[in-house]
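# What the coordinates show
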Amino acid sequence: MQTATTPVPPRDTSWLVARGLIPDHGPRRVLAVATFVNMLGSGIFMATAVLFFTRSVGLPLAQVALGMGIAALVGMLAGVPVGHLADRRGPREIYLLTLVIRAATMAALAFVHTFWPFVVLVCLTQLAHSAGGASRGPLVRGFGGANLGQYRAYLRSIANLAGCCGALAAGAAVQLDTRAAYLALVVGNAVSFVACAAIITRLPSLPPVPAPQLTGRWIALKDRPFLTVTVLDAILGIQGQVLVFALPVWIISETDAPRWFVGVAVLVNTALVATLQVRASRGVDTSSAAGRAMRRSGLAFLIGMALIATTSAMPGWVAVTVLTLGVASHTVGELWHAAGSLELQFRLAPAHAQGQYMGISGLGTGLANVAAPSLLGLLCIAWGAPGWLLMGGIFVAVGLAAPAVVRWGERTRPDSADAV
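## Some remarks on a nonpolar patch on the surface
On the surface, V50, L61 and M68 cluster together into a nonpolar patch covering about 250 Å² of accessible area. Position of V50 relative to the elements: it lies in helix α3 (residues 49-56). The class for V50 is partly exposed, based on a relative accessible area of 37%.

Have a look at this one:
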């Protein structure tokens, strides 16, 4: 949105802008470039984090898993209070601070050689990551403009593209498998945070939205409809681990598909998200549309997981074909889930408490990520095909419940204008 303190930039009529590949000049483009740079560095590091800590630092895998689990749990504590701070002090300044902290802690990992310093640094990194997500939300809302839903979808698309590029770059370091190569990835990620902070300084300061009188401090924690939406969203969010955790193990241990298809599956998913997220988000611009999108996503997840479940007894080439269809169906569900989830995070949150509500959403996502490996390991791997179908059924049930819960949430909004 434009404010009195934000000058209207000259319109860019280049081919890239006309085709929607980049935003017009101004805060929207600044945020897009910052998102790409941030996720490029994160993609480089995330793809090789475990290898760095085990093969370069020399920590046992069990200690690395324990430390990263502790960090994931600790990181969830930062979202709500930092989001509230961003609402009251201004999101740009708080987001810049989180980027500086992430750069410092990431660079410090290059000097880690023992377990406890590793734990402290990854906890600080995860705290800053969670806090950054909560403080970035108000920036996206404040500068997203009239087509906020499409802009959020665009940011998700370029984040996926950047993460894919980062992962490809990380493959070179894995191939070299030297400490110097792994250190280059760590330093590169730290530099990406510094570069992102430098880009964010080009944004105008976004003043806090005044809170209505008699509004409590922690209103998100008392908003039962939004908390319920967050629970449903978190359960659907378990789908994010299906293709990166359950599917690779399933392909290698239960099917005759070639092992290289593990990478192809991720590539298919990433390519579809990067190219179709904006299109999938069109029309998802009300709470009612978001609830329906989440309902559709549950059905798409069931279809995808049912297809995957059938591949254990198929010949290799047939399994590859059916797995590809399953991945595509799952990705369609992911697109609809992302569109509905992002819309509800902004639609149901009052403008003066956007950061606080984003912190609650981040808490739900964090809990889902912690629970997902164990749940998917039990159902999809230990139980086999029936477990895939049961997990798909859970997604369907949650999706079917979403519209009713969204209606409840809409009735409790003082400025509600749409209904499911």
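## Observations regarding unusual backbone geometry
Positive phi outside glycine occurs at D177, with the angle close to 55°. Relative to the helices and strands, D177 is located in the loop between α8 (148-176) and α9 (179-200). On the accessibility criterion, D177 (30% relative accessible area) is partly exposed.

## A closer look at the nonpolar core
Among the nonpolar cores identified, the biggest contains 52 residues, and L247, L376 and W388 are the most heavily contacted of them. Of all the elements in the fold, those that place two or more residues in this core are α10 (219-222), α11 (224-237), α12 (242-254), α13 (261-281), α14 (287-309), α15 (316-347), α16 (354-382) and α17 (385-411). Grouped together as the second largest cluster of nonpolar side chains are 46 residues, L31, V112, V119 and V186 included.

## A closer look at the packing of aromatic side chains
The tally for this structure, following the rule as stated, stands at 9 aromatic pairs. Ring geometry for W250 against W388: centres 5.6 Å apart, planes inclined by 70°, an arrangement best described as edge-to-face. In this pair, W250 is assigned in helix α12 and W388 in helix α17, connecting sequence segments 138 residues apart. Each member of the pair, W250 as well as W388, is classed as buried. Three or more aromatic residues link up through ring pairs in this structure, and these residues are F45, F52, F53, F115, W116 and F118. R296 extends its terminal NZ or CZ atom over the ring of W336, reaching a point 5.0 Å from the ring centre.

How each quantity is defined
For every chain, the first residue of the written sequence is number 1, and numbering continues from 1 onward in sequence order. Residue-level local features of this predicted model are given only where pLDDT is at least 70; pairs of side-chain atoms are given and counted only at 80 or more, and the full residue set underlies all totals for whole chains, interfaces and linings. The basis for every side-chain value is the complete set of non-hydrogen atoms in the structure, without hydrogens or water. In this scheme, patches are assembled from residues that exceed 30% relative accessible area and form no salt bridge. Like charges are connected within 9 Å, while nonpolar side chains (Val, Leu, Ile, Met, Phe, Trp, Tyr) are connected within 5 Å. In short, Shrake-Rupley with a 1.4 Å probe defines the accessible areas, and a residue's cover is counted only from the protein chains shown. When a carboxyl oxygen of Asp or Glu is within 4 Å of a side-chain nitrogen of Lys or Arg, the pair counts as a salt bridge. Put simply, DSSP marks the helices as runs of H or I at least four residues long and the strands as runs of E at least two long, and each gets a number from the N terminus on. Each residue gets one of three labels from its accessible area relative to the maximum for its type: buried under 20%, exposed over 50%, partly exposed in between, using a 1.4 Å probe on protein chains only. Residue types Ala, Val, Leu, Ile, Met, Phe, Trp, Tyr and Cys, when buried and joined through side-chain atoms within 4.5 Å, form a set referred to as a nonpolar core. We call Phe, Tyr and Trp rings a pair once their centres come within 6.5 Å, taking the six-membered ring for Trp, and we label the pair stacked below 30 degrees between planes, edge-to-face above 60, and tilted otherwise. Our definition puts a charge over a ring when NZ of Lys or CZ of Arg is within 6 Å of the ring centre and also within 35 degrees of the ring normal.

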